[in-house]
Amino acid sequence: MHTPVWTVTQMKAWEDEQNKAGLSYARMMEHAGSRAAEDLIRHFPSPQHTLVLCGKGNNAGDGLVLARILAQQHWPVTIMWLQGRQLSVLAAANQARLPAAINYVDIAQLDIVLPAMQLVVDAVYGTGFHGELPQAVGECFATVAQADVFRVALDMPSGVAGDGDAVASGSFQAQLTYAFQALKPAHCLAQVRQLCGEVRCINLQD
């Protein structure tokens, strides 16, 4: 089946259309995070110590859904906040649903927690990023890139603009990227494919 390629604007229009038709933004976020988590559970024969790097927007919300599903399947999960804890409404709603077993750390604790991790998930910026990465975030990504972990990005490696018009220095380097509903123009660029690794498309519909 041919996978469509949508600009960030086209993707947002599709989401708005789905929301008006009864598929809520919250439901789409649930599908994004849970289906990525279920694919990871199929991918690995046993639970992996997982670090979820979270920003504060809806990409973080996708990551928090993923964290909940993994933790419910007895994966040890740690969430690291890279932009503080003032979250978007949807992200905050999903944070409130997280099980007690999940650990929370801040970016300053990366060197302490990373050696115990097997899997790192990038849920920092998603497709809407523009500009340059904050220094602390870039340093975090560089450290993760050197670690003996499997690296996953949700929708787009953080630092890459979804439409492919800019790739920030120090962007997250994934080995597997879950594109939500459609590929974005950036996924199709050779430079970005190296940052994405394998790309798998996740259906957000019911």
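Residues numbered from 1 in each chain as written. Predicted model: local features only at pLDDT ≥ 70, side-chain atom pairs only at ≥ 80, totals over all residues. Heavy atoms only, no water.

As named in an unreviewed UniProt entry, the protein chain is NAD(P)H-hydrate epimerase, taken from Snodgrassella alvi.

Trainee: Mind showing me how you'd approach the nonpolar core here?
Mentor: Across soluble globular proteins, you tend to see nonpolar side chains buried next to one another. With 41 residues, the main nonpolar core has Leu40, Val52, Leu66, Ile79 and Tyr178 as its most contacted residues. Counting only elements with at least two residues in this core, the list comes to α1 (8-20), α2 (25-43), β1 (50-54), α3 (58-72), β2 (77-81), β4 (119-123), β5 (150-154) and β6 (176-180). Sorting elements by how many residues they give to this core places α3 first, with eight residues. Grouped together as the second largest cluster of nonpolar side chains are 23 residues, Leu51, Leu114, Cys140 and Phe141 included. (Core = buried A, V, L, I, M, F, W, Y, C linked by side-chain atoms within 4.5 Å. Buried < 20%, exposed > 50% of the residue type's maximum accessible area, 1.4 Å probe, protein only. Helix = DSSP H or I, 4+ residues; strand = E, 2+ residues; numbered from the N terminus.)

Trainee: I keep staring at unusual backbone geometry and nothing clicks. Help me out?
Mentor: Of all residues except glycine, most have a negative phi; of all peptide bonds, most are trans. We note that aspartate 155 has phi near 75°; this positive angle belongs to a residue other than glycine. Positive phi is not limited to glycine here, since glutamine 181 has a value of about 70°. Relative to the assigned elements, glutamine 181 resides in the loop between β6 and α7 (190-196).

Trainee: Sorry, what's going on with the packing of α2 against α3 here?
Mentor: Geometry of a packed helix pair, given as the angle between the helix axes and the separation of the axes. Between α2 and α3, the shortest axis-to-axis distance is 8 Å and the interhelical angle comes to 45°. Classified by the angle between their axes, α2 and α3 sit oblique to one another. For α2 against α3, the interelement crossing comes out right-handed. Across the interface between the two elements, Met29, Glu30, Ala32, Gly33, Ser34, Ala36, Ala37, Leu40 and Ile41 from α2 touch Asn58, Gly61, Asp62, Val65, Leu66, Arg68, Ile69 and Leu70 from α3. Partitioned by chemical class, the residues of the contact of α2 with α3 number ten nonpolar, four polar and three charged. (Axes fitted to C-alpha atoms, helices over the stretch in contact; angles between N-to-C directions. Parallel < 35°, antiparallel > 145°, perpendicular 65-115°, else oblique. Left-handed = near helix turned anticlockwise from the far one by under 90°. Contact = heavy atoms within 4.5 Å. Nonpolar A, V, L, I, M, F, W, Y, C, P; charged D, E, K, R; others polar.)

Trainee: Mind showing me how you'd approach the sheet that holds β4 here?
Mentor: Within a sheet, adjacent strands bond to each other through the backbone by hydrogen bonds, running parallel or antiparallel. What the seven strands build is an open sheet, ordered β3-β2-β1-β4-β5-β6-β7; its pairing is parallel. With partners counted over all chains shown, the strands left at the sheet margins are β3 (103-106) and β7 (198-202), one partner each. Averaged over neighbouring strand pairs, the angle between their axes works out to 20° when direction is ignored. Direction of pairing for β5 relative to β6: parallel, over a ladder of three bridges. For leucine 154, the partnering residue across the bridge sits in β6 and is tyrosine 178. (Pairing = 2+ DSSP bridges.)

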